[in-house]
Amino acid sequence: MYVCICQAVTDKDIRHAAARGVNSVDQLRDELGVASCCGCCGPLAEQLLAEASDGPAPMNAGWFAQAASTV
Ligand code: FES
């Protein structure tokens, strides 16, 4: 399913990124563009990262502020 509509990123893309060592929404934004536009996808992306890593993903509230400032 699509997680980030703005950048056409799917849950599978996020799981693959997690398997490569991506462990924060900031890193997802850098690699895939997740949460780089409207930011609506940030919470779900973070949840998927946590599930993929079997633990809590590092929180970084900065991603939302950055995304919100680009809208
Ligand atoms: S849905 Fe991901 S930035 Fe808009």
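In this report, the structure presented in the accompanying data block is examined. Keep in mind the model is a prediction, meaning the values are calculated, not measured.

**Quick word on the overall build of the chain**
Scanning the chain from N- to C-terminus turns up four helices and two strands. When the helices and strands of the chain are read in sequence order from the N terminus, they spell out β-β-α-α-α-α. Here the chain holds 71 residues, and 37% of them are scored as buried. Long-range contacts, defined here as pairs at least 24 residues apart, represent 58% of the contacts in the chain between residues at least 6 apart.

**Some details on the environment of Val22**
With respect to the element layout, Val22 can be found in the loop between helix 1 (11-19) and helix 2 (25-32). On the basis of neighbour counts, which here come to 22 C-beta atoms within 10 Å, the residue Val22 falls in the buried class. Contact partners of Val22, with chain neighbours within four places excluded, come to Ala17, Gln27, Leu28 and Glu31.

**Side note on the packing of helix 1 against helix 3 (residues 42-53)**
The axes of two packed helices give the description: the angle between them and the distance between them. Look at helix 1 against helix 3: their axes get within 9 Å of each other, and the N-to-C directions meet at 50°. Relative to helix 3, the element helix 1 lies oblique. The handedness of the crossing between helix 1 and helix 3 comes out as right-handed. Here helix 1 contributes Asp11, Ile14, Arg15 and Ala18 to the contact with helix 3, which in turn contributes Ala45, Leu48, Leu49, Ala52 and Ser53. When grouped by side-chain class, the residues that make up the contact of helix 1 with helix 3 number six nonpolar, one polar and two charged.

**A look at helix 3**
Taking 1.5 Å per residue, twelve residues should reach 16 Å; helix 3 reaches 16 Å between its end C-alpha atoms and fits that length. The set of residues buried in helix 3 consists of Gly42, Ala45, Glu46, Leu48 and Leu49. Looking down the long axis of helix 3, one finds its buried residues gathered within 160° of arc, a one-sided arrangement. With its phi angle positive at about 60°, Asp54 sits one or two positions after the end of helix 3.

About the criteria used
- Residues numbered from 1 in each chain as written.
- Predicted model: local features only at pLDDT ≥ 70, side-chain atom pairs only at ≥ 80, totals over all residues.
- Helix = DSSP H or I, 4+ residues; strand = E, 2+ residues; numbered from the N terminus.
- Buried ≥ 20, exposed ≤ 12 C-beta atoms within 10 Å, placed from the backbone.
- Contact = placed C-beta atoms within 7 Å.
- Axes fitted to C-alpha atoms, helices over the stretch in contact; angles between N-to-C directions.
- Parallel < 35°, antiparallel > 145°, perpendicular 65-115°, else oblique.
- Left-handed = near helix turned anticlockwise from the far one by under 90°.
- Nonpolar A, V, L, I, M, F, W, Y, C, P; charged D, E, K, R; others polar.
- Expected span 1.5 Å × (residues − 1).
- Arc of directions from axis to C-beta.

Nothing here speaks to function; it is geometry throughout.
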